Amino acid sequence: MTYFPHWRLKTSGEVAPDERLPTGQTLVLGLQHVVAMFGSTALAPILMGFDPNTAILFSGIGTLLFFALTGGRLPSYLGSSFAFIAVVIAATGYAGTGPNPNIGVALGGIVACGALYAAIGVAVHLSGTAWIERLMPPVVTGAIVAAIGLNLAPVAVKSISGSGFDTAMGLVTALLVGLVAVRGRGLARRLPILIGAGVAYGLYLVLANGLGLAKPIDFARLGEAAWIGLPHFTAPVFTAPAMVLIAPVALILVAENLGHIKGIAAMTGRDYDPLIGRGFLADGLATILSGFGGGTGVTTYAENMGVMAVTRIYSTLVFVAAAGFAIGLGFSPKFGALVLTIPGPVVGGLALVVFGLIAATGGRIWVQDRTDFSDARNLVTAAVALIAGAGDLTVRLGDFALGGIGTATFGAILVYHLLGSGPAEESRVRRASPSRVQGGALVGEAHPGAPPQTPPKG
């Protein structure tokens, strides 16, 4: 078997990862994937004070790296990860508007996270994923993900609390995103952030620039920006506190990517377990590369999985085309200047939805796994992590400080394993029929990292 597949031409019906469409259709579908990832990949850097041009550029480069390291066999797009937002804001003291003056410190932490993530990828490639699933069962993963969303809640609320108009505009933006997500049809339903933001932007333009009800959008920088030029690259600055604070995000990326790969396997009917370690390694190396250039940490994107679920086109060559378009956008300062004209209240409304969805995703993980909260071990694990994250519990040892996300992450893992199985859990396991136990999970129950039963939403 060759390293890369021989992509067979397919002109209709479902298109497998090792099949391809005609060139024109491949380019059009690649552009569609760029549209799908754009809202989140551009929003994440804005919320952290990063350059969106640079983030888009490295998302394309990272996707090509992922394609190469997985042998062109695993269809995925790598975009900006929201898991970094809380820890980056904590590490840099970012005020929430404009460029982040301490971006170098954040980049050092992102590189450290990528290195840890890549090391985990090597370990998984050599030993399999069973140890990860034991270390972070769904009750732990769900608690950590929910804690991240709750930790970010004050950031979203503060960003739409400047005035009554800001609050109203933020809430309208959140409502628009929700309406598209719930009532949209076809591809539109997969692009709620992009469409909701576009409509809210137009509404703000009418109310502020047209009627003078708020600070008008300033298009001066947009007019001055060149159509083609280099993005703004920034070198990382390595400091121990930021690295220790940001590096644990690797655990979240592992759980997230594992779930995505399992989901793609379910959609395509293929066994991708042998590629999981290489997928982690590729994602980690892409995050390292992005951190060295001024981009955000990256992860595989559920938004693009949603597009695949709708179109039933899984050709990995489509993602090569998407990466090419993203790299092209990265070299357009005009594009970056346009993104930066998005009004603060609109960004705040988007944050309100996105951060809330992060928290809700933790609950979704529990529901899909049918996590038993009558088990005190599960209940206490979730309780400790949620409050540590929501309250931003900071643990200090001399000059070292571990913020709320890190405390919630390590706290959930430690509490779960230190508590061990109580009498109720042991009794439940003993009662389980041997024929229903495989690989540490009950057959018929959602296994840690198992794909959702419904198509993933973008």
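Residues numbered from 1 in each chain as written. Predicted model: local features only at pLDDT ≥ 70, side-chain atom pairs only at ≥ 80, totals over all residues. Heavy atoms only, no water.

**Some points on the packing of helix 1 (residues 23-48) against helix 14 (residues 317-330)**
- Two elements in contact, helix 1 and helix 14, have axes separated by 7 Å at closest approach and are oriented at 60 degrees. Taken together, the axis directions place helix 1 and helix 14 in an arrangement best described as oblique. The two elements helix 1 and helix 14 meet at a crossing, and its hand is right-handed. Contact residues: Thr 26, Leu 27, Leu 29, Gly 30, Leu 31, His 33, Val 34 and Met 37 in helix 1; Leu 317, Val 318, Phe 319, Ala 321, Ala 322, Phe 325, Ala 326 and Leu 329 in helix 14.
- The class makeup of the residues in the contact of helix 1 with helix 14 is 13 nonpolar, 3 polar and no charged. (Axes fitted to C-alpha atoms, helices over the stretch in contact; angles between N-to-C directions. Helix = DSSP H or I, 4+ residues; strand = E, 2+ residues; numbered from the N terminus. Parallel < 35°, antiparallel > 145°, perpendicular 65-115°, else oblique. Left-handed = near helix turned anticlockwise from the far one by under 90°. Contact = heavy atoms within 4.5 Å. Nonpolar A, V, L, I, M, F, W, Y, C, P; charged D, E, K, R; others polar.)

**Some details on the nonpolar core**
- Residues Phe 82, Phe 84, Phe 280 and Phe 355 are the most contacted members of the largest nonpolar core, which totals 100 residues.
- Ignoring anything within four residues of it in the chain, the contact list for Phe 280 reads Tyr 117, Ile 120, Gly 121, Val 124, Ile 132, Val 254, Asn 257 and Leu 258.
- In this structure, Val 15, Leu 21, Leu 29 and Ile 313 belong to the second largest nonpolar core, which totals 5 residues. (Core = buried A, V, L, I, M, F, W, Y, C linked by side-chain atoms within 4.5 Å. Buried < 20%, exposed > 50% of the residue type's maximum accessible area, 1.4 Å probe, protein only.)

**Digging into the confidence of the model for the protein**
- Across the protein, pLDDT averages 84, with 90% of residues at or above 70.
- When mean pLDDT is compared element by element in the protein, helix 12 (residues 276-293) scores highest at 96, while strand 8 (residues 441-442) scores lowest at 28.
- Segment residues 429-458 is flagged for pLDDT under 50; beyond a separation of four residues in sequence, or across chains, it makes 41 contacts in the model. (pLDDT = per-residue confidence, 0-100.)

**Some remarks on the side chain of Asn 100**
- Relative to the helices and strands, Asn 100 resides in the loop between helix 3 (85-92) and helix 4 (103-127).
- Excluding its chain neighbours within four sequence positions, the residues that come into contact with Asn 100 are Met 48, Gly 49, Val 88, Thr 92 and Tyr 94.

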